[in-house]
Amino acid sequence: MLLTAAAVDDESLERNKEFFDATKSCGRIFNYYSKKDTVVGTAYRLGDFPEFDAALGAKGTEHPDRLAQNSPTAFMVDCTEEVDTHGGYRHWKEFYDYWATVANESAEIPQFGKLRL
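Model, not experiment: these values are computed from the prediction.

**Comments concerning the packing of aromatic side chains**
Part 1 of the argument: Per the stated rule, a full pass over the model turns up seven aromatic pairs.
Part 2 of the argument: Here the aromatic rings of Tyr-32 and Tyr-98 are separated by 5.7 Å at their centres, their planes lie at 90°, and the arrangement is edge-to-face. You can see Tyr-32 sitting in strand β2 (residues 29-33) and its partner Tyr-98 sitting in helix α5 (residues 93-103), a full 66 residues away along the chain. In this structure, Tyr-32 and Tyr-98 share a single accessibility class: buried.
Part 3 of the argument: With a centroid separation of 5.3 Å and an interplanar angle of 75°, the aromatic rings of Phe-95 and Tyr-96 are classed as edge-to-face.

The structure is reproduced here in structure tokens:
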């Protein structure tokens, strides 16, 4: 499963949260996020009144240690260095090149990484 700029709670893939079951039923989940994305960074928080939680697409998971322990097939990929708009992923060649690596299921991919030019 591929998530780009995901407008869901930053804890949603953790145990006992909304989408935890997806981490068990999908082979691997890749969440691409950018701290420069103001749509999910700001608008999501305002729309999440009264909790004002952060979006998974804005900064990745809130608790990396919990995700690592309970959801080892969920990968967080920080694209902040290159993606500065909500739709910026689709204009970035390296984003698509990364999928060649992901398609090779034997490739070792870090659970928490950065994608850069």
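**Things to note about the pairing of β2**
Part 1 of the argument: Among the five residues in β2, five count as buried, and that is most of the element.
Part 2 of the argument: Going residue by residue along β2, you find Ile-29, Asn-31 and Tyr-33 tucked away on one face and Phe-30 and Tyr-32 tucked away on the opposite face as well.
Part 3 of the argument: In terms of strand pairing, strand β1 (residues 2-4) meets β2 through three bridges, oriented parallel. The residue of β2 that forms the bridge with Thr-4 is Tyr-32.

About the thresholds
- Residues numbered from 1 in each chain as written.
- Predicted model: local features only at pLDDT ≥ 70, side-chain atom pairs only at ≥ 80, totals over all residues.
- Heavy atoms only, no water.
- Phe/Tyr/Trp six-rings, centres within 6.5 Å; stacked < 30°, edge-to-face > 60°.
- Helix = DSSP H or I, 4+ residues; strand = E, 2+ residues; numbered from the N terminus.
- Buried < 20%, exposed > 50% of the residue type's maximum accessible area, 1.4 Å probe, protein only.
- Pairing = 2+ DSSP bridges.

By themselves, these are just geometric observations and shouldn't be taken as functional.
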